[in-house]
Amino acid sequence: MSFDVTGSPARIVFGRGARGQTPDILRDLGITRALVLSTEAQKETADAFACTLGKSCLGVFAGAVMHTPVHATEAALEIVREQRVDGLVAFGGGSTIGLSKAIAYRTDLPQVALPTTYAGSEVTNILGQTADGAKTTLKSPRLIPEVVIYDAELTLSLPVGMSVTSGINAMAHAVEGLYARDRNPVSAMIAAEGCRAMIEALPRIAQAPADIAARERAFVGSWLCGTVLGQAGMALHHKLCHVLGGLYDLPHAETHTVILPHATAFNARAVPQLLVPVAEALGAQMPGAGLWDFAQALGAPHSLRDLGMPEDGIDRAADAAVAQPYWNPAPIGRDAIAALIRAAWAGQRPD
Ligand code: NAD
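Here the structure is a predicted model, which is why all the values come from computation and not from measurement. (Residues numbered from 1 in each chain as written. Predicted model: local features only at pLDDT ≥ 70, side-chain atom pairs only at ≥ 80, totals over all residues.)

Side note on the site of the ligand
Near the ligand there are 31 residues, and of these G93, G94, S95, T117 and S121 occur at the shortest range. Where the shell around the ligand is concerned, the elements lending two or more residues are α4 (94-107), β6 (126-131), α5 (160-179) and α9 (252-268). The biggest single contributor to the shell around the ligand is α4, with 4 residues. No fewer than three residues from each of domain 1 (11-155) and domain 2 (160-346) sit in the shell around the ligand. (Near = placed C-beta within 6 Å. Helix = DSSP H or I, 4+ residues; strand = E, 2+ residues; numbered from the N terminus. Domains from an automatic or database assignment.)

Right, dumping it as C-alpha cells:
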C-alpha cells in the first residue's frame, strides 16, 4: 500500500441557523466588500440573506447556471472588478458554488460557501466549466472555499426530487472513492460513512421533507462524500456522466442517479470486496441492484430515455466514453460500455 494525501484546509461550520454566523466569518476573513452569488431561481432568498450581512455585502449576482459556462463567469468577473469585490459568498447548489470557484480560480478571492443542495462541490478542489459546448475539468487548491457553512434550514425548500438526486450525486463520489486507485484508509472510511449517512437520510427526507434532523444527516453525507471526491480520483461512473451530460445536455444530478447503479454493478464484478460497504449500508446483496432499488423507492428517474437522451445516441456515447483511455477497476471494452448505456437508457435493473 502507498498513498499521498492532502486534506482540505477548509473550515466547516455546521448547525441549524449557522448562516447567522456569516458576518463574523466575513470579518475573520477580512472581507469588507462581499458579493453574494446565486442562481436566478434563488435570487429572492439570496437577496434576503444578503440583507442580513450588513455593510460588508455589496449585493447579489444571480447569474449562476448549470455547468459553469465561462461567459457567466466573465459577466461576474466584470462586477468583481468594477466594484472591487474582496470576497465571495456562494449561496446555492453546485452551480452557484461552481461559479464561485471559477471566479476564485481567476482572482484568488476568498470564498464562503453556503450549500443549499447535497451535491458536495463545496469541499472539493475540482471545477468543471464549459466553453463552446465542451466541458473541461481542472483541479487546484485555490478552488476550495475557505469556509463552508452547512445550515440545514437552507435545504428545507429543496424539493424532494432534487434532494434525492443531488444526494445520490454525492453518493457517486463516495462509491467511486471506495475503489479509486489512489484511495487511502481514511478516504475509504469517509466514503463508507458518507454512503451510510445519505442512505439513512434520503428516505426520511422523501417521507417528511421538513424533517430537519434528516436534512442535517444528508449534509453530513454531502460533506463526507464531497471530501472523498477531493481526495480520490474518479473512474467509469464520472466519465460516463461527463460524456452523456456533454453530448445530450442531460441534467447533472439526474444523470448521476440513473448511471450510478449501472456503473457500480459493472465495477462490482471486478472489485466486489471494495463495494461491500455500499451493499451493507443498503441492506442489499449486490451494490448496483441495491442502488437501483434505493433510487426507485425514492421515485428518482431511472432511465436516460426519460431524461431526454435519444436511443440512436447510445453508440456515439459509447464511442466517446472509450475514446481516451482512463483508469477503471474493471477493463473497459467498447461493446460492454454500449450495453451498460443501453441498459441505463431503457431503465433496466442491473444485476
Ligand atoms: P444546481 O446548483 O444546479 O441547482 C439546481 C436548481 O435547484 C437550481 O435552479 C437552484 O437554484 C435550485 N436550488 C438549489 N438549492 C435550492 C433550495 N435549497 N431550494 C430551492 N431551490 C434550490 O444543482 P446541483 O445538483 O447542486 O449542482 C449541479 C452542478 O454542480 C453541476 O454543474 C455539477 O457539475 C456541479 N458539481 C460539481 C462538483 C465539484 O466538485 N466540482 C461536485 C458536484 C456537482
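Still to come is the rest of the account.
Quick look at the UniProt feature "domain: Alcohol dehydrogenase iron-type/glycerol dehydrogenase GldA" (unreviewed entry) in the protein chain
Summarizing the sequence annotation, UniProt attributes the feature "domain: Alcohol dehydrogenase iron-type/glycerol dehydrogenase GldA" (unreviewed entry) to residues 9-151 in the numbering used throughout. Strand forms 31% of residues 9-151 and helix 30%; the C-alpha atoms that close the span are 20 Å apart. (UniProt positions renumbered as here; feature names shortened; annotations may be inferred.)

With respect to the pairing of strand β7 (residues 134-139)
Sparse coverage of β7 is indicated by the burial of 0 of its 6 residues. Taken together, the 6 bridges between β6 and β7 define a ladder with antiparallel strand orientation. Residue pairing across strands places T130 opposite K135, the latter belonging to β7. Counted along the chain from β6 to the antiparallel partner β7, the turn is 2 residues long, and its residue D132 has a positive phi close to 50 degrees. (Buried ≥ 20, exposed ≤ 12 C-beta atoms within 10 Å, placed from the backbone. Pairing = 2+ DSSP bridges.)

Here we look at the environment of S187
In this structure, S187 sits in helix α6 (residues 185-207). The buried category is assigned to S187, around which 24 C-beta atoms lie within 10 Å. For the pair formed by S187 and G7, sequence separation is 180 residues and the distance between their alpha carbons is 10.0 Å. Residues in contact with S187, not counting those within four places in the same chain, are G177, V228, Q231 and A232. (Contact = placed C-beta atoms within 7 Å.)

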